[in-house]
Amino acid sequence: MAIETPTPPARVPPAEWELADVVLDAKIPSGPIERKWEKAKFEMKLVSPANRRRFTILVVGSGLAGASAAATLGEMGYHVKCFCYQDSPRRAHSIAAQGGINAAKNYRNDGDSVYRLFYDTIKGGDFRSREANVYRLAELSVNIIDQCVAQGVPFAREYGGLLDTRSFGGALVSRTFYARGQTGQQLLLGAYQALCRQIQAGTVQMFPRTEMLDLIVIDGAARGIVTRDLVTGEVRSHLGDAVVLCTGGYGNIFYLSTNAKGCNATAIWRAHRRGAAFANPCFTQIHPTCIPLSGDYQSKLTLMSESLRNDGRVWVPKQPGDPRPPNEIPEAERDYYLERKYPTYGNLAPRDIASRAAKQVCDEGRGVGPGGLGVYLDFSDAIKRLGVERIRERYGNLFDMYERITGEDPYKVPMRIYPAVHYTMGGLWVDYYLMSTIPGLFVGGEANFSDHGANRLGASALMQGLADGYFILPLTVGNYLAQAKLPKVDLDHPVVRAVEGEVQARIKRLLEINGRRTVDEFHRALGRLMWDYCGMARNEPGLRYALAKIPELREEFWQDVRVPGSGAELNQELEKAGRVADFFELAELLALDALHRDESCGCHFREEHQTEDGEAKRDDERFAYVAAWFWNAAGPPRLAKEPLVFEYIPLAQRSYK
Amino acid sequence: MRLILKIWRQPGPDAPGRFVTYEHNDVNPHMSFLEMLDVLNQQLIRKGEDPIAFDHDCREGICGMCSMVINGVPHGPQRATTTCQLHMRHFKDGDVITIEPWRARAFPVIKDLVVDRSAFDRIIAAGGYISVNTGAAPEAASILVPKTDADRAFDAAACIGCGACVAACPNASAMLFTAAKVAHLNSLPQGQPERYQRVVRMVAQMEKEGFGHCTNHGECEAACPKEISLDTIAQLNRDLLAAALKGVRA
Amino acid sequence: MVGTLALYHTSVGKKILMAVTGLVLFGFVFLHMVGNLKIYFGREEINTYSEFLRVVGYPLVPHEYALWAARLVLLACVALHIWAAYEVSRQDLAARPVGYAQRKYLAATYASRTMRWSGVIIGLFVVYHLLHYTTGTLHPRFVPGDVYGNMVIGFQNPLASAVYIVAMIFLGLHLYHGVWSMAQTLGWRSRRSDRLWRGFASLMAVGITLGYISIPIAVLLGLVR
Ligand SMILES: Cc1cc2nc3c(=O)[nH]c(=O)nc-3n(C[C@H](O)[C@H](O)[C@H](O)COP(=O)(O)OP(=O)(O)OC[C@H]3O[C@@H](n4cnc5c(N)ncnc54)[C@H](O)[C@@H]3O)c2cc1C
Ligand code: HEM
Ligand code: HEM
Ligand code: SF4
Ligand code: F3S
Ligand code: FES
């Protein structure tokens, strides 16, 4: 199913933005890069241990970032309240990460080092991340492994009892620590257990099945959140001295993604509307090896480890619309397009390149499977070469998973794969101290605009979430609290009452529309639009089209959505409706950001800007900056630019030929 | 495909519940079980009825959120598979499917198929951790763990906390869940210092929550989507007995 | 010590208690069966055995003292076993106030699901049995000391034999799950030794049941007169 470039609707609304007159100060410490974090730590103001329990910190999210931050802050003696929408903090989406976590331990003596991890991450992110942050991340990666091992995370071991590692995501060194195919689960359980220990100790109060619906900002500082108890429907406020958002990514804006169904942008979007800048919203990552759609009832996409590409060969029929089953298509009529286009890397070409190549052949009508949205990943040669047993040993569990979902036996017929949205590099803008543009509002994990620039390397998100939560936020939040002179506020404060009222009104409004279409219908329509025009490849007319369509669809949503039930009970449709409403707003900003970034970089691929071989072509002259957007209730979003300076790693073009 | 679904509907924790029969004519064999329910819910909403509430999140079989008893078996007929990973091709056209929530006093129903499993969190909080503050960890490579121990710990650590073991157990016992965590941590060198206190505390909390006792029926193991082994229960028993003989108290 | 006793507050502790007392009772039923099989070697053999039980330990301890000691241990075990079974059963019934409309078992056996009933049946049986062969209260022509004669006359009543046969089948079921379960409860069983324990439990259950049942059947068939 090729996507035609749409003719823009007759009246193109001006997709405009304004330049904000703020200067974003990332507060990067001076001095050589290896000393910056040490210097920052030394210069931080400390809260005396006896005073800590007087401060209340609200941590929203219990994923790797949130759970580790809440646990550590609790251990330090702060009074912490932690929130998640699932029924238990252990179920946060981090649980689903499979592959592994990077750390520059150099246990293999293969030339790895903090500096190399730093270098790889900057380069992998296509030079759109902040050097100082990335260096600190690489530095802390080492401590993360120590911490997790001490907690009892059962990382893979060698027979001698030492930790095993593997190489991942095209890295040339073996620095990825893993726990079978469930690394995220095991790391999260470690953090969850640490969190539970603090709950038992009374330092952390946990609020599961509680969704944050708004942020309370008083006198310019983040002082609380408004939540809805998902069981009773009660809307109430929680006040504190600082708010930490670790609410994960917004990949679900595409409806179909590898994210959990509940992943949402509500927390960060509401914070954005209260004044937090949103950085690089258009940097979204597509993963090349997911199980394709099987029908329009599809509710999510399942990721399969990229390691499959080590032995599988990717191909499509040469003939568009070839109706034959794969095994009947002769060698000569198959197009092994990755091997053809990228002879050196072949089937192992990086995520973004492999994803785009798949889209391209499907756009040409050569895709396979339902709707023509899929390409073959064929193991028959590998099976011939290595035998079924070896393949079973290497990929048995993945093959089983594939068979469970599709009902097809990948030992006999080639797998079908297709790219899917997987990760969002964009998020709330934070300074070196992970504080957003609202004082007292900190952001960690996938929710911040992160250290991954325009493209995240495999096994680096887990690392970043835990670095933020265990080692950075607990110090920087304290540093803020030690200096902030915060007046006492209580629940009767007019701002608190006003924000609560707004939340109540929004819920009421959603429930009263009582239209004809379901929330999912709207979400699907939005997702389709985003995937088609703001997905793997973007171009100006497409983005303009999306920018015209999104508000239209949003209007329809507010006119015609049906949310059954009441607000005073468990109401899953209401939960979804609120999240989709926020996705609609974020979608527009995402498209606008993609339109404004008139270059290709990492995962942001503008068709207008590619090299002859179809690779992303950056424009460092014009776009070596972080795009931080401010909400503007009265007009178009306001853009602030944080220039990126590369002192250590010279700007260079990626090449994977 | 056409199916007859008998689904437990209960508007709230204290409201009485009952089975409601739905005819579902729109089932595709490639759908997952939850997608089948999604489609039904869409129809219900359009008809102005209340959709069926059920827990789910990752839909990949790892978060442990999905939870329903399908034709008398938690997570349904396919072994080692969560509800979200169960596909409709395992059913036949015309099948009658009964769908119920987890049933246990310690897991009260919140609405329809949604139950409250916070008892599990409290069991973990009672001792299912290794006490190490952030920053206090020694160098990772200084702790050697024989591969067999690591593998055993991992097998137990694979538990997703879904509660199917409780739902399946004729006594509504939480032994497999509790034992999985005990076995995970007590199999590792890092877990040794708190080994006995951990088991005593976790078992005490498990008792408090109102679960039944373990008679070694083995239903839990058979229903567990992660195939957690009964060996973990034997290990819990051993460690608890040893703790008692040592006089370790909660 | 206090810590050790605290074990009894938990169902796992009660379970361990049941396993330990069950082990003693299991040992008894096994030996008792072996003793009873002496009936096939004639009146002399089994009556001497019965007498031996009463004089065992003598002259170190007075007549019947050792027997009474054993009886007390058994009685204590039965009492503790039943008490623990009662306690955990109560807990189980409370643990699932609303049951399932539909239930399918994947691993639980008929034996494991009927432990409570087989236990109660064994308990009732023992009461009857004591009144039958130990005190003779329910025996038509009880002769103290003539175990052989008592048994032959007792089992010639088909109704009494039927009670024994049915009870022994339940004993077999109780042991089939009980012996395996005991190994699990005491932490001796593992995936590797599972088949061994399953086999042992089946062997014991079948062997003990058949061993016991053979006696009333032999009497009814006139093989033992
Ligand atoms: C299938 C898959 C595989 C992956 N594999 C890898 C891998 O191998 N290696 C790697 O490094 N990365 C991997 N990633 C990425 C990585 O898992 C995530 O980026 C990371 O776990 C995010 O952690 P987090 O703590 O930021 O957020 P999450 O784990 O998403 O947690 C978000 C938390 O916020 C809560 N929350 C959200 N919204 C609200 C709200 N409005 N109110 C209250 N609470 C809220 C949620 O309840 C949850 O507790 C993978 C991602 C996916 C989808
Ligand atoms: C000769 C008599 C008996 C023997 C040899 C015996 C033996 C056993 C054994 C070995 C167990 C297994 C314990 C474990 O799994 O750890 C057991 C369990 C059990 N017994 Fe008995 N028992 C006897 C009599 C009784 C009686 C009289 C009752 C009750 C009235 C009873 C009720 C039970 C119950 C309910 C269980 C299951 C307990 C559980 O595992 O949860 N038993 N028995
Ligand atoms: C066919 C089966 C059985 C037969 C033929 C049988 C026979 C007897 C006889 C003859 C006696 C009296 C022995 C004497 O006074 O010296 C006796 C005693 C006894 N039997 Fe059995 N028995 C059988 C099964 C059982 C079982 C299954 C149990 C327990 C669960 C049991 C428990 C006892 C007890 C407790 C005594 C009393 C021992 C004492 O204290 O003197 N018997 N049995
Ligand atoms: S032991 Fe198995 S069934 Fe029980 S909670 Fe864990 S994963 Fe679920
Ligand atoms: S089914 Fe129940 S009785 Fe024990 S072995 Fe499993 S918990
Ligand atoms: S929804 Fe996560 S395990 Fe089923």
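Thresholds, definitions, all that
- Residues numbered from 1 in each chain as written.
- Chains lettered and ligands numbered in written order.
- Predicted model: local features only at pLDDT ≥ 70, side-chain atom pairs only at ≥ 80, totals over all residues.
- Heavy atoms only, no water.
- Donors = N, O, S within 2.8 Å, 3.2 Å for Na, K, Ca; no water.
- Tetrahedral: all angles 85-135°; square planar, octahedral: opposite > 155°, others 65-115°.
- Helix = DSSP H or I, 4+ residues; strand = E, 2+ residues; numbered from the N terminus.
- Buried < 20%, exposed > 50% of the residue type's maximum accessible area, 1.4 Å probe, protein only.
- Pairing = 2+ DSSP bridges.
- Axes fitted to C-alpha atoms, helices over the stretch in contact; angles between N-to-C directions.
- Right-handed = clockwise from strand over helix to strand, strands pointing away.
- Contact = heavy atoms within 4.5 Å.
- Buried area = accessible area lost by both parts, 1.4 Å probe.
- Salt bridge = Lys/Arg side-chain N within 4 Å of Asp/Glu carboxyl O.
- Nonpolar A, V, L, I, M, F, W, Y, C, P; charged D, E, K, R; others polar.
- Expected span 1.5 Å × (residues − 1).

To continue, consider the coordination of the iron atom of ligand 3. Residues and elements named next belong to chain C. In the first shell of the iron atom of ligand 3, the protein supplies H32 (NE2) and H129 (NE2), at 1.8 to 2.1 Å from the metal. For the iron atom of ligand 3, the 6 donor atoms in the first shell make angles of 87 to 179° at the metal, so the coordination geometry reads as octahedral. On the criterion of sequence distance, the pair formed by H32 in helix α2 (residues 11-36) and H129 in helix α6 (residues 115-134) is long-range, its members being 97 residues apart. Here H129 falls in the buried class, since its relative accessible area comes to 17%.

Right, let's talk about the sheet that holds strand β11 (residues 242-245) of chain A for a bit. All names here are of chain A. Here we have 5 strands laid out as an open sheet, ordered β7-β3-β2-β11-β19, and parallel in their pairing. Every other strand in the sheet has two partners, leaving β7 (204-207) and β19 (441-443) as the edge strands with one partner each. Averaged over all pairs of adjacent strands, the angle between their axes in this sheet comes to 20°, without regard to strand direction. Bridge count between strand β2 (residues 56-60) and strand β3 (residues 79-83): 5 bridges; the pairing is parallel. Directly across from T56, in β3, lies its bridge partner H79.

Residues and elements named next belong to chain A. Taking burial as the measure, the 5 residues of β2 include 5 buried ones, the bulk of the element. Of the two faces of β2, the one lined by T56, L58 and V60 and the one lined by I57 and V59 are each fully buried. Crossover handedness for the path β2 to helix α2 (residues 64-76) to β3: right-handed. Pairing of β2 with β11 involves 4 bridges; the strand directions are parallel.

The next thing to look at is the interface of chain A and chain B. Listed per partner, the contact involves 74 residues of chain A and 79 residues of chain B. Between chain A and chain B lies a buried interface of about 6200 Å² when both sides are counted; carbon and sulfur atoms form 52% of it. Counting the surface chain A buries against chain B, the share from its top three residues, R91(A), Y297(A) and R404(A), is 12%. Linking chain A with chain B are 8 salt bridges. Across the pair R180(A) and D151(B) runs a salt bridge whose closest N-O atoms are separated by 3.9 Å. In terms of residue count, the dominant contributor to the side of chain A that touches chain B is helix α5 (residues 183-201) of chain A (8 residues). When grouped by side-chain class, the residues that make up the side of chain A that touches chain B number 28 nonpolar, 25 polar and 21 charged.

Here we take up helix α8 (residues 231-245) of chain B. All names here are of chain B. Helix length check: α8, at 15 residues, gives a terminal C-alpha distance of 21 Å against a target of 21 Å (1.5 Å per residue), a fit within 8%. Inspection of α8 places T232, I233, A234, Q235, L236, N237, D239, L240, A243 and A244 among the buried residues, and these make up the whole buried set. Phi turns positive, to about 75°, at G247, one or two residues after α8.

Moving on to the coordination of the iron atom of ligand 2. Tetrahedral coordination by four donors puts the ideal angle at the metal at 109.5 degrees, and octahedral coordination by six puts it at 90 or 180 degrees. Residue and element names in this part refer to chain C. Around the iron atom of ligand 2, the protein contributes the donor atoms H81 (NE2) and H174 (NE2), which lie 2.0 Å from the metal centre. Considering all 6 donor atoms around the iron atom of ligand 2, the spread of angles at the metal, 84 to 179°, places the coordination shape in the octahedral class. Of this pair, H81 sits in helix α4 (residues 65-95) while H174 sits in helix α8 (residues 158-185), placing them 93 residues apart in sequence. Overall, the relative accessible area of 16% leaves H81 in the buried class.

Fair warning: the whole summary comes from geometry, so function is off the table for now.
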